[in-house]
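One-letter residues, chain by chain:
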Amino acid sequence: MRVSTNTVSDQILHQVQALGSRQAKLQNQVSTGQKIFEASEASFAGLQTVKKVSDRATELAVLGSAVNGASASAAYAGEVDQLIEQSLQAVNLRLGNDYLFAGTAVEAAPFTATRNASGRITSVAYAGNSDRPAIPVSENSSLTPGVGGTTNLGLRDFINNLVGLRDALLANAPGSVATIQTRLLGNEDDLVSAIAEQGGVQSRIEAAKSQHVARALTLENLVSAETDADLPSTLVRLNRATNAYEAALQSGAKIMQISLLDYLR
């Protein structure tokens, strides 16, 4: 009887462990989903920062395309210089140890700047790749929370256009400033598209997280149902086994007593 009871207990334990393993896997996916969400939020924030820079740069381009004095143009150029530095910092944003705008080459800064003797940025190059890391969020779907190679190259071009705007302002050349303004407007359209894409990724992540939480709760209920359904039966069998064992001991004791009396006689 004890062998039978142990077998039933082992079966229950196996079922619970199997369900627990499935639950842990889903909970890990939920955790992964959280990591994806953080990466997507950070990318979104970085793009928003660049968009604010773009808005101000466009305003300065409008001001610089008018006929201004050299001192006014130089003042505008000084502000654009700061916008260039701010943009470089934004596109080299990291989450933990990973660079967000590097494709899958996340270990090194994706945007590198060349500076002149005065420390001013004269050009920016992109050193990342065009790949996007795909992270599974369920058994049959995955998400790419990072931005694509086209967007990253567009960020490089945007900063280089800022450099062109600064140089045109320093030269007090309204015509060149107007040309750069047109390019900046094109960069702004690309930024808006990239921001919209990241917003869509965040919506998908939220939906995936909700599904995983619901599935995890369902598994918890299944684990509870398995244990609640089998334990009473196991306890009944255990009681039967205990009673049979005690009866066997009592019978054995009586037989021993009878045998001993027969021997004494």
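Here the structure is shown first, and the text comes after it.
Residues numbered from 1 in each chain as written. Predicted model: local features only at pLDDT ≥ 70, side-chain atom pairs only at ≥ 80, totals over all residues. Heavy atoms only, no water.

J.: So what about the pattern of salt bridges? Which residues, and what values?
T.: Considering all chains together, one arrives at 10 salt bridges under this definition. Linking Asp-81 and Arg-120 is a salt bridge whose minimum nitrogen-to-oxygen distance equals 2.9 Å. On the criterion of sequence distance, the pair formed by Asp-81 in helix H2 (residues 70-91) and Arg-120 in the loop between strand S3 (111-115) and strand S4 (121-126) is long-range, its members being 39 residues apart. Residue class for Arg-120 comes out partly exposed when judged on its relative accessible area of 33%. In this structure, Asp-157 engages Arg-156 in a salt bridge whose closest nitrogen and oxygen atoms are separated by 3.0 Å. Take Asp-157: its relative accessible area is 31%, and that puts it in the partly exposed class. Since its relative accessible area comes to 26%, Arg-156 is described here as partly exposed. (Salt bridge = Lys/Arg side-chain N within 4 Å of Asp/Glu carboxyl O. Helix = DSSP H or I, 4+ residues; strand = E, 2+ residues; numbered from the N terminus. Buried < 20%, exposed > 50% of the residue type's maximum accessible area, 1.4 Å probe, protein only.)

J.: Describe the nonpolar core, naming the residues involved and giving the relevant values.
T.: Of all hydrophobic cores here, the largest spans 36 residues; its most connected members are Leu-47, Phe-111, Leu-155, Leu-165 and Leu-184. Where this core is concerned, the elements lending two or more residues are helix H1 (2-64), H2, S4, helix H3 (149-170) and helix H4 (174-264). With residues near it in sequence (within four places) discarded, Leu-47 still touches Phe-101, Val-147, Thr-151, Leu-155, Leu-191, Ala-194, Ile-195 and Gln-198. (Core = buried A, V, L, I, M, F, W, Y, C linked by side-chain atoms within 4.5 Å. Contact = heavy atoms within 4.5 Å.)

J.: I'd like to hear about the environment of Ser-87, residue by residue, with values.
T.: Position of Ser-87 relative to the elements: it lies in helix H2. Of the residues examined, Ser-87 reaches a relative accessible area of 0% and is grouped as buried. Once you skip the residues sitting within four places of it in the chain, Ser-87 turns out to touch Val-53, Phe-158, Ile-159 and Leu-162.

J.: Run through the packing of H2 against H3, naming residues and quoting values.
T.: Orientation of H2 relative to H3, taken along the N-to-C sense of each, is 165 degrees, at an axis distance of 8 Å. Considering their axes alone, H2 and H3 lie roughly antiparallel with respect to each other. In terms of crossing hand, the pair formed by H2 and H3 is left-handed. Of the residues in H3, those in contact with Ser-73, Ala-74, Tyr-76, Ala-77, Val-80, Asp-81, Leu-83, Ile-84, Ser-87, Leu-88 and Val-91 of H2 are Leu-155, Phe-158, Ile-159, Leu-162, Val-163, Leu-165, Arg-166, Leu-169 and Leu-170. (Axes fitted to C-alpha atoms, helices over the stretch in contact; angles between N-to-C directions. Parallel < 35°, antiparallel > 145°, perpendicular 65-115°, else oblique. Left-handed = near helix turned anticlockwise from the far one by under 90°.)

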